[in-house]
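Each chain, letter by letter, is given below.
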Amino acid sequence: MGIKDQFQDKANELKDQAQKAMGSARDEADERGRQAQDRARQRGQQGRERGQQERGQQGRRPAPDPMDELHDERDRFQS
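What you see is a predicted model; the values in this text were computed from it and never measured.

Caption draft 1: Here's a closer look at the overall build of the protein chain. A count of helices and strands for the protein chain gives two helices and zero strands. Looking at the 79 residues of the protein chain, the share that counts as buried comes to 3%. Within the structure as shown, the protein chain displays about 7700 Å² of accessible surface, and the carbon and sulfur contribution to it stands at 49%.

Caption draft 2: A look at the pattern of salt bridges. Within the structure shown, the criterion is met by three salt bridges. A salt bridge links glutamate 13 to lysine 10; the shortest N-O distance between them is 3.9 Å. Here the residue glutamate 13 and the residue lysine 10 both occupy positions in helix H1 (residues 3-58), the gap between them amounting to three residues, near one helical turn.

Conventions and cut-offs
- Residues numbered from 1 in each chain as written.
- Predicted model: local features only at pLDDT ≥ 70, side-chain atom pairs only at ≥ 80, totals over all residues.
- Heavy atoms only, no water.
- Helix = DSSP H or I, 4+ residues; strand = E, 2+ residues; numbered from the N terminus.
- Buried < 20%, exposed > 50% of the residue type's maximum accessible area, 1.4 Å probe, protein only.
- Areas by Shrake-Rupley, 256 points an atom, 1.4 Å probe, with all protein chains shown as cover.
- Salt bridge = Lys/Arg side-chain N within 4 Å of Asp/Glu carboxyl O.

Structure follows, in C-alpha cells:
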C-alpha cells in the first residue's frame, strides 16, 4: 500500500467519523427539540386545567346589566 493510499484511507476514515458525529449531534438536537415541545405542551395543558379549575371554583358570573347603572344614577339624583 502506497503513501497516497494510506492518506486516502485516513481521509475516508476521518470523513466517516465526521458524518457519524454530525448525525449523532443532529439526532441529539432533534431529541432535545422534541422534549422541549413535550414540556411546553404539558405546561400549556396544566395551565388550561388550572384555569378551568379556577373558573369552576368562582362560578360563572353574569355579565353586568347596563340598566343597573342607569337605575343607580337615577336613584342617586333622586335622593
